[in-house]
Amino acid sequence: MIGFILSSIQTLGNLLFLIAIIGTLVVSWIYADRLKKQYSADFPWGKTGMIVAIEVLLWIGFNIFLEFFKAYWLPISIIAIVVVVVISRKKRKYV
């Protein structure tokens with residue numbers, strides 16, 4: 001059951017990353033076309049490439065994390081709950 005839920009989350013995350021990357025490329029292409037027509041200027045494709053590269057690296061990291069989480073979901077969940085409880089119980093002193 002938990003495997004199905006995590007696989008569904010991973011599929012949805014993959015779809016969102018794909019939409020984000022395609023959206024970045026499409027918006028950049030539209031902006032580059034308008035920039036060329038209105039101002040005869042070149043679009044900084046290097047920066048767009050860097051943004052897409054960061055998106056791809058985040059996508060890879062997301063999939064690695066979810067595969068690791070699928071394998072060890074119970075201990076990670078217990079540790080996360082303990083950390084949240086400890087942090088939330090910590091008394092803060094305001095000066």
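For the structure, check the block above.
The paragraphs below set out a description of the structure included in this document. (Residues numbered from 1 in each chain as written. Predicted model: local features only at pLDDT ≥ 70, side-chain atom pairs only at ≥ 80, totals over all residues. Heavy atoms only, no water.)

**Observations regarding the side chain of Asn 63**
- For Asn 63, the location among the structural elements is in helix α2 (residues 45–71).
- Residue Asn 63 is classed as buried on the basis of its relative accessible area of 18%.
- Among the polar contacts listed, one links the side chain of Asn 63 to the side chain of Asn 14, at a separation of 3.0 Å. (Helix = DSSP H or I, 4+ residues; strand = E, 2+ residues; numbered from the N terminus. Buried < 20%, exposed > 50% of the residue type's maximum accessible area, 1.4 Å probe, protein only. Polar contact = N/O pair within 3.5 Å; in protein donor to acceptor, adjacent residues only side chain to side chain.)

**Quick word on a nonpolar patch on the surface**
- Together, Met 1, Ile 2, Phe 4, Ile 5, Ile 9, Trp 73, Leu 74, Ile 78, Val 82 and Val 86 make up a nonpolar patch on the protein surface, roughly 1,000 Å² of accessible area in all.
- The set of elements that each furnish at least two residues to the nonpolar patch consists of α1 (2–39) and α3 (73–89).
- Among the elements that take part in the nonpolar patch, α3 stands out by supplying 5 residues, more than any other.
- With respect to the secondary-structure elements, Phe 4 resides in helix α1. (Patch = residues over 30% accessible without salt bridge, like charges linked within 9 Å, V, L, I, M, F, W, Y side chains within 5 Å. Areas by Shrake-Rupley, 256 points an atom, 1.4 Å probe, with all protein chains shown as cover. Salt bridge = Lys/Arg side-chain N within 4 Å of Asp/Glu carboxyl O.)

**Quick look at the packing of α1 against α2**
- Close contact between α1 and α2 brings their axes to 10 Å; oriented N to C, the two are set at 180°. Overall, the two elements α1 and α2 adopt an arrangement that is roughly antiparallel.
- In terms of residue class, the contact of α1 with α2 is built from 18 nonpolar, 8 polar and 3 charged. (Axes fitted to C-alpha atoms, helices over the stretch in contact; angles between N-to-C directions. Parallel < 35°, antiparallel > 145°, perpendicular 65-115°, else oblique. Nonpolar A, V, L, I, M, F, W, Y, C, P; charged D, E, K, R; others polar.)

**Some details on the packing of aromatic side chains**
- Per the stated rule, a full pass over the model turns up 6 aromatic pairs.
- Centroid distance Phe 17 to Phe 62: 5.5 Å. Interplanar angle 50°. Geometry classified as tilted. With Phe 17 in helix α1 and Phe 62 in helix α2, this residue pair connects regions lying 45 residues apart in the sequence.
- Here the aromatic rings of Phe 68 and Tyr 72 are separated by 5.1 Å at their centres, their planes lie at 55°, and the arrangement is tilted.
- Judged by its relative accessible area of 48%, Phe 68 falls in the partly exposed class.
- A relative accessible area of 45% means that Tyr 72 is categorised as partly exposed. (Phe/Tyr/Trp six-rings, centres within 6.5 Å; stacked < 30°, edge-to-face > 60°.)

**Overview of the pattern of salt bridges**
- On inspection of all chains with the given rule, the structure shows 3 salt bridges.
- Of the charged contacts, one joins Lys 36 and Asp 42 as a salt bridge, the two residues approaching to 3.1 Å between their closest N and O atoms.
- Overall, Lys 36 belongs to the partly exposed group, its relative accessible area being 45%.
- Between Lys 70 and Glu 67 there is a salt bridge, with the nearest N and O atoms lying 3.4 Å from each other.

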